Structures are given as C-alpha cells and as structure tokens.
Amino acid sequence: MSLPGREPVDLLVRAGWVVPVVPRGVVLRDHAVAVRDGRIVGLAPSAEAGGIWDAAAVCELGGHALIPGLVNSHGHAPMSLLRGVADDLPLKLWLEEHVWPLENRLMGPEFVRAGARLAMAEMICGGTTCFADMYFFPDVVAECAEEAGMRAQLCGPLLDFPSVWAADAEDYLRKARELCARYADHPRLRIAFGPHAPYTASDPLLAAAAREAEALGAPIHMHVHETAAEVEDAIRETGRRPLTRLRELGLIGPRFQCVHATQLLDEEIAMLAEAGSSVVHCPESNLKLASGACRVADLLAAGVNVALGTDGAASNNDLDLFGEMRSAALLGKLVAEDASALPAPAVLEMATINGARALGIDAETGSIEAGKWADLAAVDLGRFNTLPMYDACSQLVYAAQSSQVSHVWCAGRPLLTEGQLLTLDGAAIGESARHWAEQARPGT
C-alpha cells in the first residue's frame, strides 16, 4: 500500500547524473527516474523524489550516469561466432573467399541461436537495449531476443540466390511477410524487409520489397554505397548509381534505413533528406574493411537522421557502442576537417534517439522521457578513465568504456545488475562459443 500523498511506482533509480538525451546536451545532477509498469513515470531531483513517489524498489547509483539504453542500428548478431576468422582483408575478398564459404558450412538454426545469444550477452553488458539485425533465420534471433528481454528490429533477408533460409526470391518474400504477421503486435520486436545490397538483389525483387513494405508499413534495411567499388560496378553494369536505382524502384522513403553510405554525392544527401530516410553509420567496420568514410556532418547539416551501428563482430570486431561513439566522433571531425563537428551530445543522440527514430520507435524509446519505455543503462563514472567530472556527455562519448556499464533495464525489466547478466546464462554462452569455434576450424 502506498503512503498518503505519494504515487506508487515499481522502481526509483537515483543517479549522480541523468542524461535524458532529449533535450540535447541536458545533464540533470542528482536526479531520480521513476518507473511503473515498465514505463517512465517522471524525473525529479533525488532530494524531492521520495516525497513524490512511493517506490517498491530503489536503486542507488550516486556515482553513475543514467542514460537511455543504447540502440545498435545495424548488425549481424549470429556472426559473433565468426569474430576474428578473417581479419585484415578488403570487403569483397573477406565476404566471397572467407565469410560466405564458412557460413555455408556452418549455417543452421543452432549456429544462429548460439551466435545470437553471444551477441546479446555482449550488447547487454555494454548498455545496449535495442538492436537491428540482418541475418538468416530471423525467427531464431527473435526467439533469442524474447528470451534476453531485448528490443529488436529483425530483417527478413532478401536475396536473389538460394540459401538455407529460403529457396528463391518469392520464398524470401513469403517468409518476411509471415514474420511481419507473427510479430505485428509484439511490444519489443519489429520486422523489416532486408534486401542485402544492390548487387545481391535484382530489380524485380527490390520492387516487390518496396511494395510489400509499403503495404505493411514495414521498414526497409539495406547495405547501400558501402564501397567505391560497389558504386563503380553499378555504374558500369546499369548506368546508374545504386541510390538512383533504388529511388526509381520505390525504396527510398521515410522508412528506408541506408546502412554504411560511405560514398555519397551532395545530390544524394539531398535526396535522402527530402525523402526522410535514415543513414546508419558503422564507422569501425568501415575503417577496418577500408570501405570509406560516411559524410556524417554533411548529412546532419542537411537534416538527415543518422544512427549508429556496429555491424557484425566478424568485421568490427566487437559490439561496443561506446567505442563506436568515440570512433564516430573522431572520424566525423577528420572527414569534415572541423574539430567542432559531431560534438559529444550529437553523437550520443546517434546511439540513442536517432537510432530509435531510424527504427520508427522514437515515440517509445531512445530518451528518458515520461511515457516512454524504461530502457535504461547506468554507467559507473567513478573509474580513473572518467575522472575528474566536468561534462557527463563528454565523458560518455570520449572516455567511458562499455565495461563501466553496471545496470541495464529494458521496459523496466532488469537485464544486468552489478555487471551480472540476469536473463541469459553467461557460462553456457561461453561454452557454446568455444564449441562453435572448434567447428569452424579447417578440417573439422
């Protein structure tokens, strides 16, 4: 029973710093966040919170920053099992001579399940509560996300060639439709249409994906303009740059998620801005594969929503959005030749509210605001590398490490407490990863 004059809530989190992200750059010192039925009820100074809310549980995090759960807007979760198998190679060679052959040998529901669990454990421990994934057997990844308690956008992959997931283009489309229907009312899971890339999807398949996505109100998530070679090959073969072709086929619009985008002309930036499309920036994967650099400052200046993704652990080699934020900020300044480009608050937005906006769920998550789901992460800022404290946003982007995340909640449910996973079996995940590493070795 609640005390007179106080509103009952399930949880009250008191933090040294609350960084709501919206409005930009605001940092609330010694504040508390109240949660009921999985949603944020309100924020108040910690000294006043006890007089407002009667909490069933209180979490005291005086030396921590409380931030929205991070949003990893592009990845291939099961590829965590391929971390480090083919390093230091360019994209085409990496894919065609190493990754795809190995996937063909190992691929199946159990490989996907083991890799997805490994990825989700890593993401939760790093403060990520929501991720966008593109891989085979998305139904299995969805089951793992439900088990882990995470929020996710899962692509129904679309390709012109057969795989263990689908026999042909129509089979891929049918399975994507079925997934959309299955998860239409799920509170945490969403389905997107996922053409792999312009060079692996024909005009008929892309046009069909555009029609299906429009009819269902579903997003389209796609690697586009990832390398200069991709663009050059497209011009030679079709006489058009890939984005022009996609626009003509009806894919470019407000639900389009353009992943990588390292090769953009001014007119293409204007096209994406006018269409209301989002770009998902994956700086560390692009750097490692020498794919190119996204013109993030120019995109933001044009009004394009830019989110942040890690890509898969096979080409990153981690799923650490804190490292990704730092890389995005530093690379963005270099590309723009401007030290003031991509300030820390803007980069934190890319990893939170911009990611939610790209996935079409910014009304539900991505910032600490009353009415939104309580997707939260607490970061211990008392470590040597984040002392002394002058600016919480600066410390989070330029100095903090994912290992400093101590607590994570998704829809108010604790996923990580004092650094301990609550919804996944870490020991079993580690043993499974070692098993699959043995299967991946040549001659196995």
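Quick caveat, the model's predicted, so the values are computed rather than measured.

Cut-off values and rules
- Residues numbered from 1 in each chain as written.
- Predicted model: local features only at pLDDT ≥ 70, side-chain atom pairs only at ≥ 80, totals over all residues.
- Heavy atoms only, no water.
- Helix = DSSP H or I, 4+ residues; strand = E, 2+ residues; numbered from the N terminus.
- Rg over C-alpha atoms; globule rule 2.2 N^0.38 Å.
- Buried < 20%, exposed > 50% of the residue type's maximum accessible area, 1.4 Å probe, protein only.
- Contact = heavy atoms within 4.5 Å.
- Areas by Shrake-Rupley, 256 points an atom, 1.4 Å probe, with all protein chains shown as cover.
- Lys, Arg positive; Asp, Glu negative; His and termini not counted.
- Charge placed at Lys NZ, Arg CZ, Asp CG, Glu CD.
- Axes fitted to C-alpha atoms, helices over the stretch in contact; angles between N-to-C directions.
- Parallel < 35°, antiparallel > 145°, perpendicular 65-115°, else oblique.
- Left-handed = near helix turned anticlockwise from the far one by under 90°.
- Nonpolar A, V, L, I, M, F, W, Y, C, P; charged D, E, K, R; others polar.
- 1 Å grid on protein atoms, 1.4 Å probe; cavity = no way out; pocket = protein on both sides within 12 Å on 5 of 7 lines; lining within 4 Å.
- Points joined across faces, edges and corners; volume = space filled by probe spheres on them.
- Pairing = 2+ DSSP bridges.
- Polar contact = N/O pair within 3.5 Å; in protein donor to acceptor, adjacent residues only side chain to side chain.
- Core = buried A, V, L, I, M, F, W, Y, C linked by side-chain atoms within 4.5 Å.

Helix and strand content of the protein: 16 helices and 16 strands. Taking 22 Å as the expected radius of gyration for a compact globule of 444 residues, we find that the protein reaches 21 Å, a close match to that expectation. In terms of principal-axis extent, the alpha carbons of the protein reach across some 70 × 45 × 45 Å. Expressed as a percentage of its 444 residues, the buried residues of the protein come to 59%. For the protein, the proportion of contacts with a sequence separation of at least 24, taken over those separated by at least 6, is 71%. For the protein, the exposed surface amounts to about 16,800 Å²; the carbon and sulfur share of it is 53%. The protein carries 35 positive and 57 negative side-chain charges, and their two centres are separated by 2 Å.

For the rest of this paragraph, the subject is the packing of helix H3 (residues 109-125) against helix H16 (residues 426-440). Between two packed helices, the angle of one axis relative to the other and the distance separating the axes together describe the packing. Contact geometry of H3 with H16 gives a least axis separation of 10 Å together with a crossing angle of 130°. By the criterion of interaxial angle, the relationship of H3 to H16 is oblique. By crossing handedness, the relation of H3 to H16 is classed as left-handed. Between H3 and H16, the residues in contact are Glu110, Phe111, Ala114, Arg117, Leu118 and Ala121 and Ile429, Ser432, Ala433 and Trp436, respectively. Of the residues assigned to the contact of H3 with H16, the class counts are seven nonpolar, one polar and two charged.

Let's shift gears to empty space enclosed by the protein. Which parts of space are left empty comes out when a probe the size of a water molecule is rolled across the atoms. Within this structure, the stated rule accounts for one cavity of 30 Å³ or more. Of the pockets and cavities examined, the largest cavity occupies roughly 60 Å³. If you trace the largest cavity, you find 13 residues lining it, with Asn72, Gly75, His76, Met123 and Asp133 closest to the centre. Mapped by element, the contributors of at least two residues to the lining of the largest cavity are strand S5 (70-75), H3 and strand S6 (128-133). In terms of residue class, the lining of the largest cavity is made up of six nonpolar, five polar and two charged.

Glancing now at the sheet that holds strand S16 (residues 420-421). Taking strand neighbours across the sheet as the criterion, the eight strands line up as S3-S2-S1-S4-S13-S14-S15-S16 in an open arrangement whose pairing is mixed. The sheet is open, and its two edges are formed by strand S3 (39-45) and S16, each paired on a single side. The pairing of strand S1 (residues 7-18) with strand S2 (residues 28-36) spans seven bridges and is classified as antiparallel. Bridge pairing in S2 places Leu11 opposite Val35.

In this model, Val22 is joined to Pro23 through a cis peptide bond whose omega is 0°. Relative to the assigned elements, Pro23 resides in the loop between S1 and S2. Backbone torsion omega between Asn316 and Asn317 reads 20°, so that peptide bond is classified as cis. Among the structural elements, Asn317 can be located in the loop between strand S12 (305-308) and helix H12 (321-336). For Val21, which is not glycine, the phi torsion reads 80° and is therefore positive. Since its relative accessible area comes to 4%, Val21 is described here as buried.

This part takes up the side chain of Ser367. Among the secondary structure elements, Ser367 is positioned in the loop between helix H14 (353-358) and strand S13 (376-380). Reaching out from Ser367, the side chain makes a polar contact with the side chain of Lys372 at a distance of 2.6 Å. Beyond its immediate chain neighbours, meaning those up to four positions away, Ser367 contacts Pro20, Val22, Ile40, Pro68, Ile353 and Lys372.

Here we take up the nonpolar core. Core analysis: the biggest nonpolar cluster contains 121 residues, and Trp94, Met120 and Phe256 have the highest contact counts within it. Ranked by the residues each element gives to this core, the list is headed by H3, at 10 residues. The contact partners of Phe256, leaving out residues within four places of it in the chain, are Ile220, Met222, Val224, Leu243, Leu246, Leu251, Ser277 and Ser278. Membership of the second largest hydrophobic core comes to 15 residues, among which are Val13, Val18, Leu61 and Leu376.

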